[in-house]
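Coordinate inspection notes
Okay, here's what each chain looks like letter by letter:
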Amino acid sequence: MDAEVLDRVIPSDLRQRLGRCADLAPVPLTGPLDTPEARAVLAGAELLITGWGCPQLTEDVLAHAPRLRAVVHAAGSVKPVVTDALWDRPGMTVSSAADANAGPVVAFTLAAITFAAKKALPVAARYAGGWPGFTEREGADGRVVGIIGASRIGRRVIAGLRASDAGYRILLTDPYVGQEEAAALGAELVELAELCRRSSVVSVHAPQLPETRGMLGEEMLKLVPDGGVVVNTARGSIVDTEALTRECAAGRLDAFLDVTDPEPLPPDHPLLALPNVLVTPHMAGAQGSEVRRLGQYAVEEAERFARGEELLGKLVREDLARLA
């Protein structure tokens, strides 16, 4: 991975921890993987810890890593790194620190939903004109929150909402979840259109796939009741940006967007100037001091690998179709 990223995600103390494991001899590998130096390291590598900025593990790269048996990704999505050639290698194990990255996203999303439920953005926009009167204030109690996607983050958001004393009513749409499983999670399973019609807050947690592009488009956004709020901490392409812009510009909907399409938005995009929209720079996931969580998770996976144990973040090829 990139040298600066390596020092942040897997600082020296975590690398020393790897070195104390009898079967591991960590070697930092930064920059391109097609140099003589990189190929010399790859030749003896049994496990790679990858991260943001890591080049793809192509067939050519793998040809120089004959002993490689495991890849542990110290980040969320493995899609930028893995290839068919990697999956095709017999006995290959792929693991992701997505579970470690999920915690900050869940906390960020729950905060956004709380702000959304209390209509914080419209109130903040009017603050210069005086405080809202007592009867004008909004509360979170009893709000209907629609969750699009029972992903690892979506499920933890549902759990967080259920743990709240606000008494949220939770709707869920996910083609891979049945009624009984949804009920066990604490949500009512509905179709997307019904979720939009009934929810005052719609929170997006679906993966970025061809079939999810624009799934929250003009038709669905128009179903969300007046004053509704869209929260997106998943992938920008799932929401039709221009349709959402029109609804927010008209003052009918508000939005909390940590991801956008395109990303980043052009500096003059209307969403950036609307008082009822908060756009943050894809920061819900692990940031700053939080990225150490990813490194620690990856190191613990490497230790499990050295002990011959099953990896907690293990993925299979078939999972990719449903992952971010």
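Throughout, a residue's number is its position along its own chain's written sequence, starting from 1. Since the coordinates come from a predicted model, pLDDT governs what is reported: local features require at least 70, and pairs of side-chain atoms require 80 or more to be given and counted, while whole-chain, interface and lining totals use all residues. Side-chain metrics in this entry use all non-hydrogen atoms of the structure; hydrogen atoms and water are not considered.

Digging into the pattern of salt bridges
- Definition used for salt bridges: Asp or Glu carboxyl oxygen within 4 Å of a side-chain nitrogen of Lys or Arg. Counted according to the given criterion, the structure contains 23 salt bridges.
- The partner of Asp-7 in a salt bridge is Arg-15, with the nearest N and O atoms 2.6 Å apart.
- Summary of the burial criterion: residues with accessible area below 20% of their type's maximum are buried, those above 50% are exposed, and those between are partly exposed, where the area comes from a 1.4 Å probe applied to protein chains only. What makes Asp-7 partly exposed here is its relative accessible area of 46%.
- Residues Arg-292 and Asp-13 are paired through a salt bridge, measuring 2.6 Å at the closest nitrogen-oxygen approach.

Considering the state of the cysteines
- The term disulfide is used for any two cysteine sulfur atoms that are within 2.5 Å. Considering all chains together, one arrives at zero disulfides under this definition.
- Its sulfur unpaired, Cys-196 is 13 Å from the next cysteine sulfur, which belongs to Cys-248.

A few points about the packing of helix 6 (residues 98–117) against helix 13 (residues 292–306)
- Comment: axis = line fitted to C-alpha atoms, over the contacting stretch for helices; angle = value between 0 and 180 degrees taken between N-to-C directions. Numbered from the N terminus, helices here are DSSP runs of H or I no shorter than four residues, and strands are runs of E no shorter than two. It is the contact of helix 6 with helix 13, at a shortest axis distance of 8 Å, that shows an interaxial angle of 155°. On the basis of their axis angle, the class for helix 6 and helix 13 is roughly antiparallel. Helix 13 is crossed by helix 6, and the crossing has right-handed handedness. Of helix 13, the residues touching helix 6 (which contributes Asp-99, Ala-100, Asn-101, Gly-103 and Pro-104) are Arg-293, Leu-294 and Tyr-297. Roughly parallel means an angle under 35 degrees; roughly antiparallel, over 145; roughly perpendicular, 65 to 115; everything else is oblique. In this scheme the crossing of two helices becomes right-handed for a clockwise turn of the near helix relative to the far one and left-handed for an anticlockwise turn of less than a right angle. Two residues qualify as a contact provided that any one of their heavy atoms is within 4.5 Å of a heavy atom in the partner residue.

Comments concerning empty space enclosed by the protein
- Buried and open spaces are told apart on a 1 Å grid over the protein atoms alone, a cavity being a set of points where a 1.4 Å probe fits but cannot get out and a pocket being an open set with protein on both sides within 12 Å along at least five of seven lines. Residues with an atom within 4 Å of a point are the lining residues. Grid points are joined across faces, edges and corners, and a volume is the space filled by probe spheres set on the points. In total, this model carries one cavity of 30 Å³ or more according to the counting rule given.
- Space inside the largest cavity adds up to approximately 40 Å³.
- For the largest cavity, the full set of lining residues is Asn-232, Gly-236, Val-239, Thr-241, Leu-244, Leu-257, Val-259, Thr-260, Asp-261 and Leu-271.
- Each residue gets one of three labels, nonpolar for Ala, Val, Leu, Ile, Met, Phe, Trp, Tyr, Cys and Pro, charged for Asp, Glu, Lys and Arg, and polar for the others, Gly among them. By residue class, the composition of the lining of the largest cavity is five nonpolar, four polar and one charged.

Comments concerning the sheet that holds strand 7 (residues 201–204)
- Only strands joined by at least two bridges in the DSSP assignment are considered to pair. The seven strands are arranged 6-5-4-7-8-9-10 in an open sheet whose pairing can be described as parallel. Across the chains shown, the open sheet's two edge strands, defined by having one partner strand only, are strand 6 (188–189) and strand 10 (277–279).
- Relative to strand 8 (residues 229–232), strand 7 is paired through four bridges, and the arrangement is parallel. Within strand 8, the residue paired with Ser-203 across the bridge is Val-231.

Some remarks on the side chain of Arg-143
- Among the structural elements, Arg-143 can be located in the loop between helix 7 (120–125) and strand 4 (144–148).
- For Arg-143, a relative accessible area of 18% corresponds to the buried category.
- N or O atoms closer than or at 3.5 Å make up a polar contact, with two conditions inside protein: a donor-capable atom paired with an acceptor-capable one, and, for residues adjacent in sequence, both atoms drawn from side chains. Here Glu-138 takes part through its side chain, which lies 2.9 Å from a polar atom of the side chain of Arg-143.
- At 3.2 Å, the side chain of Arg-143 forms a polar contact with the backbone oxygen of Gly-139.

Treat this as a map of the structure, not an account of what it does.
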